[in-house]
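Working through the structure, step by step
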Amino acid sequence: MRLIIKKDYDACAKWTADYIAGKIYSAVPTEEKPFVLGLPTGSTPLGVYKRLVELYEKGLISFKNVITFNMDEYSNLDENHPQSYHYFMNENFFSKIDIKKENVHILDGTAKNPKEECLSYEQMIRQVGGIDLFLGGCGGDGHIAFNEPGSSLTSRTRMKTLTEDTIIANARFFGGDCSRVPRTALTVGIGTITDAKEVLIMMTGLSKADALQHAVEESVSQMWPVTILQMHRNAIIIADDACTDKLRVGTVKYFNGIEEKVTDSYESVFSSK
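Residues numbered from 1 in each chain as written. Predicted model: local features only at pLDDT ≥ 70, side-chain atom pairs only at ≥ 80, totals over all residues. Heavy atoms only, no water.

1. Quick look at the overall build of the protein chain
Looking only at helices and strands, one finds nine helices and ten strands in the protein chain. Taken over C-alpha atoms, the radius of gyration comes to 18 Å for the protein chain, in line with the 19 Å a tight globule of 273 residues would show. The buried share of the protein chain, taken over its 273 residues, is 54%. When contacts within the protein chain are restricted to residue pairs at least 6 apart in sequence, those whose partners lie at least 24 apart make up 80%. Only carbon and sulfur atoms are counted for the fraction: they give 49% of the accessible area of the protein chain, which is about 12500 Å². Across the protein chain, the mean location of the 30 positive side-chain charges is 3 Å away from that of the 36 negative side-chain charges. (Helix = DSSP H or I, 4+ residues; strand = E, 2+ residues; numbered from the N terminus. Rg over C-alpha atoms; globule rule 2.2 N^0.38 Å. Buried < 20%, exposed > 50% of the residue type's maximum accessible area, 1.4 Å probe, protein only. Contact = heavy atoms within 4.5 Å. Areas by Shrake-Rupley, 256 points an atom, 1.4 Å probe, with all protein chains shown as cover. Lys, Arg positive; Asp, Glu negative; His and termini not counted. Charge placed at Lys NZ, Arg CZ, Asp CG, Glu CD.)

This is the structure:
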């Protein structure tokens, strides 16, 4: 596992977007062999999407041969609802790039048979050959997507009941009213995420310091789902300085020392643009 530490959120978002763009660019995707990208919603990826749109507008990257699968969607919210993840993705990313509508996949929270919807989602991922890179955020309790503490580390896409902590945290998107936050959601599982060839998790701010400390320095546990990244063959966590507050000094020095010797191929293409 790589841990990349940057000064602040903006630096993390830029690095992450440039890395993703570099992966797409290097893959030279075609209609017959597209690049498959897993994506999150929430406040964490907003800077990433803004930077990716900027690279697209400069003509440096195209999404014509990119297929996307989003992590989750609230139950019983129509795709036109301002707080649905369909709406979020279209407003903040998809409507601003050249991705084909048929290549965008987001779980249908209004599906009459949620179980069948989740099984179909897993099947669609398999049909395109799996996800090449899964981008995600992480909650302060270590959850990824809606896989709360206690979720199986081999879980697949399914309906989940949201914890009270998650409902309270997400109430800010619903005018601060917890009663308006859906109680369930459809979400990819931990196993779905870790099946990806590469997983990239962004963690920024002091509120995520405990989660980062567990992810890097503690043992793997379903009570801190993000710790599963320790078992992944190609996982990256990118964090800002504030998020490293709970890490040992030696841990920070170790990972910083490694990254001083690493030059990713995307850097020469995008980082200076």
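2. Considerations on helix α8 (residues 249-259)
When we look at burial in α8, the residues that qualify are T251, V252, F255, G257 and E259. Looking at the buried positions of α8, the neighbouring elements they touch are β1 (2-6) and α7 (209-217).

3. Digging into the state of the cysteines
This model, assessed by the stated rule, comprises zero disulfides. With no disulfide of its own, C243 lies 8.2 Å from the sulfur of C138, the closest cysteine sulfur. (Disulfide = S-S within 2.5 Å.)

4. Here's the deal with helix α1 (residues 9-27)
Helix length check: α1, at 19 residues, gives a terminal C-alpha distance of 27 Å against a target of 27 Å (1.5 Å per residue), a fit within 8%. Among the residues of α1, C12, A13, W15, T16, A17, D18, Y19, I20, A21, G22 and I24 are the ones counted as buried. Backbone geometry just downstream of α1 places V28 in the positive-phi region, at approximately 45°. (Expected span 1.5 Å × (residues − 1).)

5. Let's talk about the packing of α1 against helix α2 (residues 46-57)
For the pair α1 and α2, the least separation of the axes is 8 Å and the interaxial angle reads 50°. Here α1 lies oblique to α2, going by the angle between them. The crossing of α1 and α2 is right-handed. Residue-level contacts link Y9, A13, K14, T16, A17, D18, I20 and A21 of α1 to L46, G47, V48, R51, L52 and L55 of α2. Considering only residue class, the contact of α1 with α2 consists of nine nonpolar, two polar and three charged. (Axes fitted to C-alpha atoms, helices over the stretch in contact; angles between N-to-C directions. Parallel < 35°, antiparallel > 145°, perpendicular 65-115°, else oblique. Left-handed = near helix turned anticlockwise from the far one by under 90°. Nonpolar A, V, L, I, M, F, W, Y, C, P; charged D, E, K, R; others polar.)

6. Description of the sheet that holds strand β5 (residues 104-105)
Taking strand neighbours across the sheet as the criterion, the seven strands line up as β1-β10-β9-β6-β2-β3-β5 in an open arrangement whose pairing is parallel. The outermost strands of the open sheet, each flanked by one partner alone, are β1 and β5. Judged from the five bridges that link them, strand β2 (residues 35-39) and strand β3 (residues 66-70) form a sheet pairing that is parallel. Residue pairing in the sheet places V36 in a bridge with I67 of β3. (Pairing = 2+ DSSP bridges.)

7. Looking at the nonpolar core
Counting residues in each nonpolar core, the largest one holds 37 residues, and the members touching the most others are L3, I201, M203, L212 and I237. Listed by contribution, the elements that provide at least two residues to this core are β1, β3, α4 (114-127), α6 (190-194), β9 (198-203), α7, β10 (235-240) and α8. Excluding residues within four positions of it along the chain, I201 makes contact with G136, G137, C138, I144, L229, I236, I237 and I238. Membership of the second largest hydrophobic core comes to 34 residues, among which are I97, I106, L133 and I238. (Core = buried A, V, L, I, M, F, W, Y, C linked by side-chain atoms within 4.5 Å.)

8. Structural notes on the sheet that holds strand β7 (residues 158-161)
With antiparallel pairing, three strands are arranged side by side in an open sheet as β4-β8-β7. With one partner strand each, in any of the chains shown, β4 (72-74) and β7 form the two edges of the open sheet. Taking each pair of neighbouring strands and ignoring which way they run, the sheet shows an average axis angle of 30°. As paired strands, β7 and strand β8 (residues 184-187) are joined by four bridges and run antiparallel to one another. In the strand pairing of β8, K160 is matched with A185.

9. What about the side chain of D98?
Here D98 is to be found in the loop between α3 (85-92) and β5. No salt bridge forms around the buried D98; measuring N to O, its nearest opposite-charge neighbour K64 is 4.9 Å away. At a separation of 2.7 Å, a polar atom in the side chain of D98 contacts the side chain of S62. In terms of polar contacts, D98 uses its side chain to reach the backbone amide nitrogen of F63, at 2.7 Å. (Salt bridge = Lys/Arg side-chain N within 4 Å of Asp/Glu carboxyl O. Polar contact = N/O pair within 3.5 Å; in protein donor to acceptor, adjacent residues only side chain to side chain.)

10. Let's talk about the pairing of strand β6 (residues 133-136)
On a regular strand, each side chain points to the face opposite its neighbour's, so the side chains alternate between the two faces of the sheet. Side chains L133 and L135 project from β6 onto one buried face, and the interleaved F134 and G136 project onto a second face that is buried too. Pairing between β2 and β6: two bridges, direction parallel. Considered in β6, the bridge of G38 is made with F134. Pairing of β6 with β9, which is carried by four bridges, proceeds in the parallel orientation. Note on β9: the bridge partner recorded for G136 is I201.

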